[in-house]
Every structure is written in C-alpha cells, then in structure tokens.
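What the coordinates show
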Amino acid sequence: MINGLKRVAALGAATVALAAGAVVGTVGTASAAPQDHHRPSAAPHHCVRVAGHWARQWHPAYRDRHHHWHPGHSTRVWVPAHMECRR
C-alpha cells in the first residue's frame, strides 16, 4: 500500500515537472523569435569608393602537430575595389 502511494506521488510530481518544462520551453521559444531591428543604411554622400590595393596580412607563429615551430610571417593579399560607408 505504501509503495503504491509512493509511486502515485512520484508519477504526479513527474507530470507536474513535465508540464512546467513544456510551458517554460514554449515561453523561451517565443521570446527567442527574431526581431526586426535594422538600422537604416548610410546616406550615399557618406560612401567613398576605395580602389583595389595590396595589403599585408600577418600570419601568427604556430607549432604544428609534429611539434615543429613555424615563425610568424606576413604576406601580401589583394583587396579588391569596394565602397566604404561611414554613418
């Protein structure tokens, strides 16, 4: 008889916990919906066309999987022409 009461109490507690978890999960999903907060784009007079140019890119030093040390070095990379807009 006591084991039956324990089983009923445990089943009731588990049901309440599952129901509470489902409610909290639904509320969390609803609040995680994406918001539409986009800033307006910059005005055209704030944009400058930058010509393509070579830039230096630094590659930091590292140790490979064979424990061999490779010192850092820089390489030249081409940056194509683009528009830079400032607000």
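Located above this text is the structure these notes cover.
Residues numbered from 1 in each chain as written. Predicted model: local features only at pLDDT ≥ 70, side-chain atom pairs only at ≥ 80, totals over all residues. Heavy atoms only, no water.

We now examine the pattern of salt bridges. Under the criterion given, the structure shown has one salt bridge. Note that Arg86 is salt-bridged to Glu84, the shortest N-O span being 3.7 Å. By relative accessible area, which is 58% here, Arg86 ends up exposed. (Salt bridge = Lys/Arg side-chain N within 4 Å of Asp/Glu carboxyl O. Buried < 20%, exposed > 50% of the residue type's maximum accessible area, 1.4 Å probe, protein only.)

Another aspect to go through is the state of the cysteines. Overall, the coordinates contain one disulfide when judged by the stated rule. Across the disulfide from Cys47 sits Cys85; the S-S distance is 2.1 Å. Note on the Cys47 and Cys85 pair: the S-S dihedral is about 105°, so by sign convention the disulfide is right-handed. Separated by 38 residues along the polypeptide, Cys47 in strand β1 (residues 47-50) and Cys85 in strand β6 (residues 82-85) bring together distant segments of the chain. The class for Cys47 is partly exposed, based on a relative accessible area of 22%. For Cys85, a relative accessible area of 44% corresponds to the partly exposed category. (Disulfide = S-S within 2.5 Å. Helix = DSSP H or I, 4+ residues; strand = E, 2+ residues; numbered from the N terminus.)

It is worth spelling out the environment of His82 at this point. With respect to the helices, strands and loops of the structure, His82 is situated in strand β6. On a C-alpha basis, the gap between His82 and Gly52 in space is 7.4 Å, while along the polypeptide they are 30 residues apart. If we skip the residues at most four places from it in the chain, His82 touches Val48, Arg49 and Val50. (Contact = heavy atoms within 4.5 Å.)

Next up on the list: the packing of aromatic side chains. For any pair of aromatic rings, geometry is given as the distance between the ring centres together with the angle between the planes. Within the structure shown, the criterion is met by one aromatic pair. Considering the side-chain rings of Trp54 and Trp78, the 5.5 Å spacing of their centres and the 65° angle between planes classify their relative orientation as edge-to-face. Taken together, the residues Trp54 in strand β2 (residues 53-59) and Trp78 in strand β5 (residues 73-79) connect sequence positions 24 residues apart. Sitting over the face of the ring of Trp54, Arg76 holds its NZ or CZ atom 5.0 Å from the ring centroid. (Phe/Tyr/Trp six-rings, centres within 6.5 Å; stacked < 30°, edge-to-face > 60°. Lys NZ or Arg CZ within 6 Å of the ring centre and 35° of its normal.)

Our next topic: unusual backbone geometry. If you check the backbone angles, His67 has positive phi at about 65° while not being a glycine. Residue position: His67 is located in the loop between β3 (62-63) and β4 (69-70). Classification of His67 as exposed rests on a relative accessible area of 62%.

A separate point is the environment of His68. Along the chain, His68 falls in the loop between β3 and β4. You can call His68 partly exposed: its relative accessible area is 46%. Beyond its immediate stretch of four places on either side in the chain, His68 contacts Tyr62 and Arg63.

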